[in-house]
Amino acid sequence: MADAQQAVVMRGVVKRFPGVMANDGVDLEVWRGEIHALLGENGAGKTTLMNILYGIYHPDAGEIHVSGEHAVIRSPQDAIHLGIGMVHQQFRLVQTHTVTENVILGMGDGLLFREREARQRIKELAEKYSLQVDPEARVWQLSAGEQQRVEILKALYRGAAILILDEPTSMLTPSEIEELLKTLHRMTEEGHTIIFITHKLDEVTAVSHRVTVLRRGKVIATLETAQTNERELAHLMVGREVLFRLAKEPVKTGEAVLRVDDLHALSDKNLPALKGISLEVCAGEILGVAGVAGNGQREFVEALTGLRPVTGGFIFLKDSEITRTAPRVRIDSGMSCVPSERLTAFIPNMSIAENMILKTYRQAPISKGPLLDHKTVNAYADRLIQEYAVMTPSRETPVKLLSGGNIQRALLARELSTQPALLIAASPTSGLDVGATETVWKLLLEQRKQGRAVLLVSEDLDEVMTLSDRIAVLYEGEIMGIVHGEENNLEQIGLMMAGALRLPQEKWA
Amino acid sequence: MKMLRLGLEPRRHAPRYVQVLGLAFSLFLALLAIAIVFLALGVNPVYAYQRIFQGGFGSLYGLAESATKSIPLMLAGVGLALAFRARVYNIGAEGQLLMGAIVGGGIALNFSELPRAWLLPAMFVGGFLGGALWALIPAILKARFRVDEVLTTLMLVYVASDFVRYLVNGPWRGPEQRGFPYSSPFSLNAQLPHLGVTRIHYPTLIIAILVAILLFLLLVRTKLGYEIRVAGENPAAARYAGMNTQKIVLLVLLISGGLAGLAGVGEVAGIHARLSPPEGISPGYGFTAIIVAWLARLNPLAAILTSFLISGLLVGGDAIQVALNLPSATIHIFNGVILLFVIAGDLFTRYRIRLEARS
Amino acid sequence: MIDLIVSVISLAIPAGTALLYGTLGEVYAERSGVLNLGVEGMMIMGAVTGFAVTHATENALLGILAASLVGGLLALIHAFASITLRVNQVVSGLALTMLGLGISGIIGKRFIGQPLSARPLPLDFPVLSDLPVIGPMLFQFNALVYFSIALVPLLWFVLYKTYWGITLRSVGENPAAADAMGVNVFLVRYLAVVFGGLMAGLGGSFLSVAYAPAWIEGMTAGAGWIVIALTIFAMWDPTRALLGAYLFGGVRVLQFRLQPLGISPNLLNMLPFLLTILVLWFISEQAFRRRIGVPAALMQPYSRE
């Protein structure tokens, strides 16, 4: 039944995780030489399915055929032998090693590392598929786009005929995305097959020949891309109509709550990461900070919250200078933060109640003198759980047992319950499904309405465009410009994200 | 053909009874493994265990000795439980214990004429400070300069041992000891009272139990305890919440060092009544206390129980050392194997284990 | 003056050799991402095994081989605990050190005070050893000393210039990356940890068979812990391990040199441990400022799910 035109056939694939059915009898058929999009929300099971194809997970049931042959894939090694390569969303690169060392990793032919030959082959491949990158550079010196090229080179170096790309555009600038798509088309011309995991509808229509939609671990449909449209795909993906636009009521903005003046800070590698950032966030406004990942977002948020030393410049919260104060002082003077790495905001093994008081445990009535008042703590936790509709069996449940959406709800509950003057939200919806995203967005708009200042730092341009009154674009640790959050500024924002445009300061919004 | 296979299924949360059963089972496996070691070394394990059990728990005398030896284990163990909770790996309780013994002993030797009601408390306070200051060195190195505490606390054990040796061989050697490396005996005022005919120096035991209860309350009832638990579980979250993690590191090291110091005072004032070379003051209580803490799952209250359990093994171990003519290092076998199985026993809390039939 | 330098160097090299073996092994283990705090236990087990087997067979080579094997076996336990069971590496290593100290005490009891007749592979450098200054300084050691020196460039070469080395370093830096490229992360870590144990056992047997040569209970006296510190000092590099090991060997020699001056041997005994603390302090400052060295995945168990 399997013919050679089918690059990959997966039948009845089942994968269970504790408490979750990640793949529930999935059938997938990918044709040779096509770009096949795998579309679905976060948690739909796309990545799990591809991890099974790549041998990282083992299916509980189901079978796989590769190039018409029945295949048992026990490890990535097996997958590589079958000509399958995978570029994970989080790059699997050794930061301290050179590009060449990364590319040849795991290639066991002979003992001696023939660096020159390897470098030569990498250069040839790079030229053929226009994947420019310096083979001698160390990975940590490379941009996200370059790192992705290294990942693709790794697969090509091993002669991969089938390439899986997991959310490949999430870290790229618009122009880098264009280049990637060109490379992919080039590869299909050479006979490669590409499986493209995404949750972005425009990418599906822009790049793929066919698309398979997954929802809650099941295949909903497989369609020819040319014979469908974004609206239909959205409906299939979510199972209902999606709210593409949220109503943003006009709010009268007040005084500046956060003022940042010529802020400088270093990265973990002691290189300049923030090079003179200046901006203001006013009461009743959402200021979005757009930018491709790794341009100083993390350092910026850490410098604001006091977790990273500032090497120059000033930070003012309301009217007091807080540039060099301890995190605790900033929290107590009205700064709240939803960090992008949720792990830093929670203690997974501790109960929801104990997590809810992480920011307020020092204050009466939650603590009295040196003692914690457990009664008040419990009442406080119960109130927040109810108010923000956190779904949990009880307040004693360890946070690690909650779903991603509920964890984020609990986090927002905690951060908003203190009535902060300033809320810093970093990638607040990454990894959340459409429903949870909507809840978070509504909560942020609600803060704006209540006259709080919101600083939204996000790599998701859609999110920034949807929510922000003004948008500052961060590129290599500098603000390239600040514009109003209107659709017709999109092109300018894209150019600034790529570092191709810098607005003179007097033109900033 | 059907085959039985051991299956591991990860579990996200283990109820308490699973944790307790898992611990008990690992302890059982540890004793089994030690039996194998004994067998390999040509010792009849059934006989050995009989002697151990009889020695440690089988008589009033044995029980009293077990209680005596549980005192230093409990004091040092609850301190370590607190430090490990904050994920501060103080491995050097042995050295802190010795420094406590030195300071306490120094006070005993130099102020021997003070009345008991002054002298003994002064020795305890001095011992606590001695142990705490000894722990302050790695504490500052870690909090201020990010030097890993595992090695520094451990290195200071060797330094403290050599320091004790230096003192009892040199400046503090008793003139009446005819060249043997001992200090002069403590005055009666510097000696702790015993319970009846036993060697249980009950003032120290009472202090130890009180401390265990206090530390338990500290962990669950106070802001500081909350901070310690958060810092141990997730240091990044602690910093994000505005906690002073350096202060926590300093504090838990000082407390655990001080408590080990108290244990040292208890040993010299309650048992030996003089200073002797380090092996004479402590047969490695500071290291065994690590097991006490781990076996108690870092819960200070449970450490009261586990210190007694482990000290029973120690006493029983002494009995077979004499009976079978084994070197004193034998006890390390117990320590090592039990510790290994206890940490491996976490398997039970992380996985559901079941037999599956596979065709 | 020259005589003094010659004598210090000629004593420091053998005094640092056991440390060198241990450190070279631990460099590899930690490069794979596993911290082995059981080195002390593996060294002491190597020491007692080496002595016992040499004593019984009159063949030092057999003794040394057996010692390495025992060190490797003990390391296998650590590998199983820390790699397969993913337990706390600090505690597991500590437990093995205790175990090693205990078992070596029982095995070694009957060997206390016994002499050893067999010597490991005496070497003769006919011309070289007669050279002035250089001769007595460098050409009159036991074969094990030269073997350890030869291992340094070899292990350096393997680490940086071969596929094995790249694989090993990748596993210690980013196991997920290595796994995705078809590397068996578990196998690599097992091999590295067991190699570390072999080297620790070998180093221990050097002490009891060649250096002392005798069995004394607890004779490693913290050398295993110094090895852990030296690994950090060496910044996980075999060549710097050589430097560090001889530096500490030199301190050991200094100890004997200073004793006649009337300084208490007990106080001199503290020197290597105090030096270790100073070294750790210095290195931590540097490592933090430059953000280099530590294998990124050190002490992090790996699992796919």
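What counts and how
Residues numbered from 1 in each chain as written. Chains lettered and ligands numbered in written order. Predicted model: local features only at pLDDT ≥ 70, side-chain atom pairs only at ≥ 80, totals over all residues. Helix = DSSP H or I, 4+ residues; strand = E, 2+ residues; numbered from the N terminus. Buried ≥ 20, exposed ≤ 12 C-beta atoms within 10 Å, placed from the backbone. Contact = placed C-beta atoms within 7 Å. Nonpolar A, V, L, I, M, F, W, Y, C, P; charged D, E, K, R; others polar. pLDDT = per-residue confidence, 0-100. Pairing = 2+ DSSP bridges. Right-handed = clockwise from strand over helix to strand, strands pointing away. Axes fitted to C-alpha atoms, helices over the stretch in contact; angles between N-to-C directions. Left-handed = near helix turned anticlockwise from the far one by under 90°. Parallel < 35°, antiparallel > 145°, perpendicular 65-115°, else oblique.

**Points about the overall build of chain C**
Piece 1. Secondary structure assignment for chain C yields 13 helices and 0 strands.
Piece 2. Helices and strands appear in chain C in the N-to-C order α-α-α-α-α-α-α-α-α-α-α-α-α.
Piece 3. On the principal axes, the C-alpha backbone points of chain C span a range of 60 × 45 × 40 Å.
Piece 4. Counting only residues that meet the buried cut, chain C has 56% of its 305 residues in that class.
Piece 5. Taking as baseline every contact in chain C between residues at least 6 positions apart, the subset at least 24 positions apart corresponds to 79%.

**Some remarks on the interface of chain A and chain C**
Piece 1. With 26 residues of chain A in contact, the opposing surface of chain C contributes 19 residues.
Piece 2. At 3 residues, the largest contribution of residues to the side of chain A that touches chain C is made by helix α2 (residues 76-81) of chain A.
Piece 3. A breakdown of the residues in the side of chain A that touches chain C according to their chemical character gives 12 nonpolar, 9 polar and 5 charged.

**Overview of the environment of G197(C)**
Piece 1. One can find G197(C) in helix α9 (residues 185-211).
Piece 2. When sequence neighbours within four positions are dropped, the list of residues in contact with G197(C) reads G25(C), M42(C), G71(C), G72(C), L74(C) and A75(C).

**Topic: the confidence of the model for chain C**
Any region with low pLDDT has predicted coordinates that should not be read closely.
Piece 1. Chain-level pLDDT for chain C is 89 on average; 95% of the residues reach the 70-or-more range.
Piece 2. For this predicted complex, the interface score ipTM comes out at 0.86, alongside a pTM of 0.87.

**Remarks on the pairing of strand β7 (residues 162-166) of chain A**
All names here are of chain A.
Piece 1. Counting buried positions along β7 yields 5 of 5 residues, so the element is predominantly enclosed.
Piece 2. Pairing geometry for strand β6 (residues 84-87) and β7, over 4 bridges, is parallel. Among the inter-strand pairings, M86 is bridged to a residue of β7, identified as I164.
Piece 3. Alignment of β7 against strand β8 (residues 193-198), held across 5 bridges, turns out to be parallel. The residue bridging L163 from the neighbouring strand is I194, located in β8.
Piece 4. As for the winding sense of the linkage, the β-α-β connection from β7 through helix α6 (residues 174-189) to β8 is right-handed.

**Here we look at the sheet that holds strand β5 (residues 69-71) of chain A**
Residue and element names in this part refer to chain A.
Piece 1. Taken together, 4 strands build an open sheet; the order of strands is β2-β1-β4-β5 and the sheet is antiparallel. The strands lining the two open edges of the sheet, one partner per strand, are β2 (20-31) and β5. Sheet twist, expressed as the mean angle between neighbouring strand axes with direction ignored, is 25 degrees.
Piece 2. Bridge count between strand β1 (residues 6-17) and strand β4 (residues 61-66): 5 bridges; the pairing is antiparallel. From the neighbouring strand, V14 faces β4, where its bridge partner is A61.
Piece 3. In the packing of helix α1 (residues 46-53) onto the sheet, the strands contacted are β1, β2 and β4, and the crossing angle to β1 comes to about 115 degrees.

**Topic: helix α10 (residues 223-233) of chain C**
Piece 1. Of all 11 residues in α10(C), 11 are buried, a share of seventy percent or more.
Piece 2. Just beyond α10(C), the residue with positive phi is M235(C), at close to 50 degrees.

**A word on the interface of chain B and chain C**
Piece 1. In this assembly, 40 residues from chain B lie in contact with 37 residues from chain C.
Piece 2. Of all the secondary-structure elements, those providing two or more residues to the side of chain B that touches chain C are α5 (116-145), α6 (149-169), α12 (285-295), α14 (330-344) and α15 (346-350) of chain B.

**Details of the packing of α5(B) against helix α10 (residues 245-272) of chain B**
Residues and elements named next belong to chain B.
Piece 1. Look at α5 against α10: their axes get within 6 Å of each other, and the N-to-C directions meet at 145 degrees. The two elements α5 and α10 meet at a crossing, and its hand is right-handed.
Piece 2. Here the residues of the contact of α5 with α10 sort into 19 nonpolar, 9 polar and 1 charged.

**Some words on the packing of helix α6 (residues 143-161) of chain C against helix α7 (residues 163-173) of chain C**
All names here are of chain C.
Piece 1. In the contact formed by α6 and α7, the axes pass within 5 Å of each other and the chain directions differ by 75 degrees. By the angle class used here, α6 and α7 are roughly perpendicular. Between α6 and α7, the residues in contact are V158, L159, Y160 and K161 and W164, G165, L168 and R169, respectively.
Piece 2. Its residues assigned to classes, the contact of α6 with α7 comprises 5 nonpolar, 1 polar and 2 charged.

**So, unusual backbone geometry**
Piece 1. Going from A364(A) to P365(A), the amide bond is cis rather than trans, its omega being 0 degrees.
Piece 2. Within the fold, P365(A) resides in the loop between α11 (352-356) and β17 (367-368).
Piece 3. Despite not being glycine, R87(B) shows a phi value in the positive range, around 55 degrees.
Piece 4. Mapped onto the secondary structure, R87(B) falls in the loop between α3 (60-85) and α4 (93-110).
Piece 5. The backbone of A273(B) sits at a positive phi, close to 60 degrees, despite the residue not being glycine.
Piece 6. Considering the arrangement of structural elements, one finds A273(B) in the loop between α10 and α11 (278-281).

**Quick look at the sheet that holds strand β21 (residues 470-475) of chain A**
All names here are of chain A.
Piece 1. In space, the 6 strands of this open sheet follow the order β16-β19-β20-β13-β21-β22, with mixed pairing throughout. Whereas interior strands pair on both sides, the edge strands pair on one side only; in this sheet they are β16 (335-338) and β22 (478-484). Strand after strand, the sheet turns through a mean of 20 degrees between neighbouring axes, direction not considered.
Piece 2. Relative to strand β19 (residues 422-426), β16 is paired through 4 bridges, and the arrangement is parallel. Directly across from C337, in β19, lies its bridge partner I424.

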